[in-house]
Amino acid sequence: MASRLTHLDQTGSANMVDVSGKDETERLAAAEGAIRMKPETLALILEGNAAKGDVIGTARLAGIMAAKKTTDLIPLCHPLMLTKVSLEIEADKSLPGLRVRATAKLKGRTGVEMEALTAVSVACLTIYDMAKAVDRHMEITTIRVIEKSGGKSGNWKA
């Protein structure tokens, strides 16, 4: 059976999916991404010596705030009552850089993948913004959903 894009109607026009007939279930999504940088930039961030302040703490807060604004950024996303958004930002010297993971959760009729992806994206953008004065070669990469649970399609892991 062929899949179809759920945000397109029979004529091919974009529309918001009607989720009113779906059951409310506990839903969770996790996304991850990374930002590569010079080793000196990573050291500066980890030492807390960035000119703009606490890079990791600010990026974590920005990611949480962004998840709550996803419906304002992505045209066909439903406004959701999130019950939890968390971000983990860890150094990875093998990149070198930072790995960002966001988890979004709610009890509702639609998934929270877009909220988790938005949180990771904005956290990475915030890191870039706060450190660009010392490293314009930073690269945001590998942003993807890595886990989801709940709803009709059940659990999935990358």
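Residues numbered from 1 in each chain as written. Predicted model: local features only at pLDDT ≥ 70, side-chain atom pairs only at ≥ 80, totals over all residues. Heavy atoms only, no water.

K.L.:
Any chance you could explain the pairing of strand β4 (residues 139-149) here in plain terms?
P.N.:
Side-chain direction in a regular strand flips from residue to residue, so the side chains alternate between the two faces of the sheet. Relative to β4, strand β1 (residues 25-36) is paired through eight bridges, and the arrangement is antiparallel. Within the sheet, the bridge partner assigned to A31 lies in β4 and is V145. Here β4 pairs with strand β5 (residues 156-157) via two bridges, running antiparallel. Bridge pairing in β5 places K148 opposite W156. The hairpin formed by β4 and β5 contains six residues between the paired strands, and G150 there has a positive phi angle of roughly 95 degrees. (Pairing = 2+ DSSP bridges. Helix = DSSP H or I, 4+ residues; strand = E, 2+ residues; numbered from the N terminus.)

K.L.:
Explanation requested: the pairing of β1 in the structure shown.
P.N.:
The sheet contact formed by β1 and strand β3 (residues 97-108) spans 12 bridges and is antiparallel. Counted as the bridge partner of E32 is R101 from β3.

K.L.:
How should I be thinking about the environment of A30 in this particular structure?
P.N.:
With respect to the element layout, A30 can be found in strand β1. The spatial distance from the C-alpha of A30 to the C-alpha of S149 is 9.3 Å, given a sequence separation of 119 residues. Residues in contact with A30, not counting those within four places in the same chain, are R101, A102, T103, A116, R144, V145, I146 and E147. (Contact = heavy atoms within 4.5 Å.)

K.L.:
Would you take a moment to explain the pattern of salt bridges for this structure?
P.N.:
When their charged atoms lie close together, side chains carrying opposite charge are able to pair. All chains considered together, the criterion is met by eight salt bridges. Among the salt bridges present, the one from R36 reaches E139, with a minimum N-O distance of 3.3 Å. Here R36 is found in strand β1, whereas its partner E139 is found in strand β4, with 103 residues between them in sequence. Overall, R36 belongs to the partly exposed group, its relative accessible area being 32%. Residue classification places E139 among the partly exposed positions, given a relative accessible area of 39%. Three or more residues joined by partner-sharing salt bridges are found here, namely K52, D129 and K132. (Salt bridge = Lys/Arg side-chain N within 4 Å of Asp/Glu carboxyl O. Buried < 20%, exposed > 50% of the residue type's maximum accessible area, 1.4 Å probe, protein only.)

K.L.:
Just checking my understanding: could you explain the sheet that holds β4 for this structure?
P.N.:
Working definition: the strands of a sheet are paired by backbone hydrogen bonds and lie parallel or antiparallel to each other. Spatially, β2-β3-β1-β4-β5 is the arrangement adopted by the five strands of the open sheet, whose pairing is antiparallel. Lying at the two open borders of the sheet, with one neighbouring strand each, are β2 (84-92) and β5. Direction of pairing for β2 relative to β3: antiparallel, over a ladder of nine bridges. Across the sheet, the residue bridging to D92 is G97, located in β3. Sitting on the sheet, helix α4 (residues 113-131) is in contact with β1, β2, β3 and β4, with an inclination near 25 degrees to β1. (Axes fitted to C-alpha atoms, helices over the stretch in contact; angles between N-to-C directions.)

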